[in-house]
Every structure is written in structure tokens, then in C-alpha cells.
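# Descriptive analysis of the structure
The primary structure of each chain is shown beneath.
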Amino acid sequence: MKEATLRQILVVTDGCSNSGMSPVAAAALAREQGITVNVIGVIDKSELGEKGEREIREIAEAGGGLCDIVYPQQLAQTVQMLTRKAMTRTIHQVVNKELKEILGDSGIEELAPDKRVQVAGMVDELGEKSSLNVVMLVDTSGSMKPKLSAVQQAIHDFSISLHSRSGKSRMAVGSFPGKQKYLDIRIPWTDKVEQAHQLTSDLAMSGITPTGPAIVEAIALFEQDKLPSSLQERYRDEEENDDMNGSLRDHVF
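Throughout what follows, the structure given in this document is the object of discussion. (Residues numbered from 1 in each chain as written. Predicted model: local features only at pLDDT ≥ 70, side-chain atom pairs only at ≥ 80, totals over all residues. Heavy atoms only, no water.)

Turning our eyes to something else, we now look at the overall build of the protein chain. The helix and strand tally for the protein chain stands at seven helices and six strands. Taken from N to C terminus, the helices and strands of the protein chain fall in the order β-α-β-α-β-α-α-β-α-β-β-α-α. Residue burial in the protein chain is summarised as follows: out of 253 residues, 50% are buried. (Helix = DSSP H or I, 4+ residues; strand = E, 2+ residues; numbered from the N terminus. Buried < 20%, exposed > 50% of the residue type's maximum accessible area, 1.4 Å probe, protein only.)

Structure (C-alpha cells):
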């Protein structure tokens, strides 16, 4: 099998979205483009609440990714763990799909135990050698302010972990809401760890949390700063309907 380029968006937030299109719909748009959306909810003394936890699960499910809810001190380890798990799961899905084309509907379950071990080894090797592009989206609403030092450390540690891979890796970091638009690019595509400090420089905290629009604008980073034409009209329709309704729409997939 050929080594692939795995593309992920990682959302780090501590609350519910309250501006713009549904983040669940945005995650589904990302998945259509072959981008996995993972979500980490960061809690301090206060809890996310049932609504926040449900939104995190639904975003990850729609984006084909994984989610977790952690305390700030667990964030750095969770970022690395979640990213690696999502990579492995994506490769497993690709491998199993190809096996089903060869073996029929039973796929990997049809293999003898020793062959399954070989497949698992191949998945691990592909996960190590495949290229990985990750955009980390950091919620900078007012309640996230005391957690930003943990986010900054997580970015630094994650960058180091990317260097340990044999495959080509790069990351970008954006904060939402932005000053002029939904998402500000704090760290453009890079493989250098020294830029982690840029997250908190000249940062304006805000009360709104436009998670959905931020995810959509992150998709454009994978498409060389332009939203795919197939998504432009759908995104515009979502925003127009959102303006008319004055609240987030419900989406069923």
C-alpha cells in the first residue's frame, strides 16, 4: 500500500459554539474532503455541561474523528494520543476497505491470526511513515484565558512529537474567533517548535465561540487558502439561513 497524507483538524474548546453555522455540519463538510475532525474539551473547575459534552461528541462523530474531555494538565498528552489514535483508525479503515475488495464483506476478520498480526504491523508502519498535516483550532473565548498556558505547552510538546515521526509532518494553529473574521491563523504551516509562543501574542479574548465557521475556514488551509468550490455555495447557504434564524440550526446525518 502507498504511504498516504493524513489530514486532521483538532478543535480545543471549553464550551458550546454560539455563533455561525452548526459545528456538526462543518465537521461533516471536512470529512467530505478527507479531513478528520478531532475534539478536545478542556475543563477547569466548572463542567462543560450536558449540552457541551453532546456537541463535542457530535462534532467528532460527524468529522469521523475522536473526542475526549480533560483537565488542562492532561491536554498535552491527550493531543498526542488523540492524534495518533485517529491516524491509526483512519489507516485501519483504508486497509480494511482494500481487504474487503479482495476477500469480500468479511474483510480482515477472514484472515488467519498470523495474517492479522501482519496487517496490524503494516498499519503501525503506515502510521509512522505517512505524511501528517494537522490544523489545531484553539477556542479563545473569555473562559479559555486561564487555560491558554496549557494549550501553549500542548502545541510545543505536539510539535516535538511530530519531529519524532519518520513521515513528513507539519502543523498550523488558528484561534477563533478572529479579529476580523471567524478564524485567525496564529501559526502558519510549519514543522518548527519555536513558534508556539505566537499563540498568546497580541491575542484578543472574546465572548463568542464560532466553532462551525472556524472549522470551515480551516478546511481552506488544506486547499491552499481557498475553500473548495464544491463547498462554497453550501457554506454560504448555511450562513444565510443562520442569519435569518438567529440561532444554530439542527443537522441530521
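Closest axis-to-axis distance for the helix 1 (residues 23–32)/helix 2 (residues 49–62) pair is 7 Å, and the angle between their directions is 20°. The pairing of helix 1 with helix 2 is recorded here as roughly parallel in orientation. Viewed along their axes, helix 1 and helix 2 form a crossing whose handedness is right-handed. Contacts from Pro 23, Val 24, Ala 27, Ala 28 and Arg 31 of helix 1 reach helix 2 at Glu 55, Glu 58, Ile 59, Glu 61 and Ala 62. Looking at side-chain class alone, the contact of helix 1 with helix 2 contains six nonpolar, no polar and four charged residues. (Axes fitted to C-alpha atoms, helices over the stretch in contact; angles between N-to-C directions. Parallel < 35°, antiparallel > 145°, perpendicular 65-115°, else oblique. Left-handed = near helix turned anticlockwise from the far one by under 90°. Contact = heavy atoms within 4.5 Å. Nonpolar A, V, L, I, M, F, W, Y, C, P; charged D, E, K, R; others polar.)

Inspection of every chain in the model, using the stated rule, returns one aromatic pair. For the ring pair Trp 189 and Phe 222, a centre distance of 5.5 Å and an interplane angle of 65° mean the geometry is edge-to-face. With Trp 189 in strand 6 (residues 184–190) and Phe 222 in helix 6 (residues 211–222), this residue pair connects regions lying 33 residues apart in the sequence. Given a relative accessible area of 23%, Trp 189 falls into the partly exposed group. Taking NZ or CZ as reference, Arg 170 lies 4.1 Å from the ring centre of Trp 189, over its face. (Phe/Tyr/Trp six-rings, centres within 6.5 Å; stacked < 30°, edge-to-face > 60°. Lys NZ or Arg CZ within 6 Å of the ring centre and 35° of its normal.)

With mixed pairing, the six strands of this open sheet are ordered in space as 3-2-1-4-5-6. Here the strands that pair on one side only, and so sit at the sheet edges, are strand 3 (64–70) and strand 6. On average, each strand axis in the sheet is tilted by 15° relative to the strand beside it, whichever way the strands run. Alignment of strand 4 (residues 131–139) against strand 5 (residues 169–176), held across eight bridges, turns out to be parallel. (Pairing = 2+ DSSP bridges.)

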